[in-house]
Amino acid sequence: MRPTAKIALTALPAVAGLILLAAPAGARPPQASQPVLPGYWEYTTSVLGNRDTEQRCVRPSEINRFFGGLSTRRWTCTYPTREVGGGNARFEGTCQDRKGRRVNVRLNGTYQQENFRFNGGAQLARGTPYIPATITARRLNAVCPAGAEYF
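Residues numbered from 1 in each chain as written. Predicted model: local features only at pLDDT ≥ 70, side-chain atom pairs only at ≥ 80, totals over all residues. Heavy atoms only, no water.

**Student:** Where do I start with the pairing of strand E6 (residues 115-123) in this structure?
**Tutor:** For a regular strand, side-chain orientation follows a simple rule: the groups alternate between the two sheet faces. Of the pairings in the sheet, the one linking strand E5 (residues 102-112) to E6 comprises nine bridges and is antiparallel in character. Across the sheet, Asn 104 pairs through a bridge with Gln 123, a residue of E6. Connecting E5 to the next strand, E6, in antiparallel fashion are two residues. (Pairing = 2+ DSSP bridges. Helix = DSSP H or I, 4+ residues; strand = E, 2+ residues; numbered from the N terminus.)

In structure tokens form, the structure reads like this:
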């Protein structure tokens, strides 16, 4: 197996998680102008046929970080291009893991206050094609169940 393919397979689960979770977090109360509402969410990431579904409770102070992009515990992301409005969103940026590995990320899609879907991908090495990925998310409830994991 080529080193690039090995890195790609190792990074796929993390890249899938990336595509949902990372813009600068800002604490602000829920407002009608926010793209999505706080509550109990389910989201599914899919990269090259690998699917991962999680449920998380998202507090009002976490909405920007939850919806606004994509960082995980393993990857830190920045999105210089972040366009959100009118039910459409587009993000472009880079993510880096603790070992210094970087990937370019592109996402775009539609959203409503209780669901969103982004299509896009991640580029593992400069000049290589983007690996296709999708994220779908839906708000299950306004109130989180007891014992729910928080975002």
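**Student:** Help me understand the packing of aromatic side chains in this model?
**Tutor:** Aromatic rings in a pair are described by how distant their centres are and how their planes are angled relative to each other. For the coordinates displayed, the defined rule picks out four aromatic pairs. Relative to Phe 91, the ring of Tyr 79 has its centre 6.1 Å away and its plane inclined at 70°; by these criteria the two rings are edge-to-face. Placement of the pair is Tyr 79 in strand E3 (residues 75-85) and Phe 91 in strand E4 (residues 88-97), with a sequence separation of twelve residues. Both residues of the pair, Tyr 79 and Phe 91, count as buried. Ring pairs connect the aromatic residues Trp 41, Tyr 79, Phe 91, Phe 116 and Phe 118, which therefore count as one cluster. (Phe/Tyr/Trp six-rings, centres within 6.5 Å; stacked < 30°, edge-to-face > 60°. Buried < 20%, exposed > 50% of the residue type's maximum accessible area, 1.4 Å probe, protein only.)

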